[in-house]
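The primary structure of each chain is shown beneath.
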Amino acid sequence: MFLLWGASKHWRTAPPLNDLMLQLNADLQNKEVDQMINTSGYNTRNEQLVSTICYWQNEKVSTYYNNEVIISYEEID
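The structure reproduced in this document is the subject of the present report. (Residues numbered from 1 in each chain as written. Predicted model: local features only at pLDDT ≥ 70, side-chain atom pairs only at ≥ 80, totals over all residues. Heavy atoms only, no water.)

## Overview of the packing of aromatic side chains
Within this structure, the stated rule accounts for one aromatic pair. Residues Tyr55 and Tyr73 carry aromatic rings whose centres are separated by 4.0 Å and whose planes lie at 5 degrees to one another, so their mutual orientation is stacked. Of this pair, Tyr55 sits in the loop between β3 (47-52) and β4 (61-65) while Tyr73 sits in the segment after β5 (68-70), placing them 18 residues apart in sequence. (Phe/Tyr/Trp six-rings, centres within 6.5 Å; stacked < 30°, edge-to-face > 60°. Helix = DSSP H or I, 4+ residues; strand = E, 2+ residues; numbered from the N terminus.)

Following this line, the structure appears as structure tokens:
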């Protein structure tokens, strides 16, 4: 069994997070990362933590591996 993503989401919608949930493309060889999604401005939490093997990249996503921010996924391969 593989975990594509896991999050504890607030009941209110947050478009940046919702958009990412529609992009659950992942390679099963990917290492699990933590991604902090900026959801400010949507009447919800300012940030949403997601643990995932989906490698998302956009201006609303900060990615962490072993509790350190990474700029490129090549840093962990």
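## Details of the environment of Asp34
Secondary-structure assignment places Asp34 in strand β2 (residues 33-38). Taking the C-alpha atoms as reference points, Asp34 and Thr63, 29 residues apart in sequence, are found 5.9 Å from one another. Ignoring anything within four residues of it in the chain, the contact list for Asp34 reads Leu49, Val50, Ser51, Ser62, Thr63 and Tyr64. (Contact = heavy atoms within 4.5 Å.)

## Here we look at unusual backbone geometry
Across the chain, the bulk of peptide bonds are trans and the bulk of non-glycine residues have phi less than zero. Phi is positive for Asn66, close to 55 degrees, though the residue is something other than glycine. Within the secondary structure layout, Asn66 lies in the loop between β4 and β5. The class for Asn66 is exposed, based on a relative accessible area of 60%. Backbone geometry places Asn67, a non-glycine residue, at a positive phi of 65 degrees. For Asn67, the position within the fold is in the loop between β4 and β5. A relative accessible area of 72% places Asn67 in the exposed class. (Buried < 20%, exposed > 50% of the residue type's maximum accessible area, 1.4 Å probe, protein only.)

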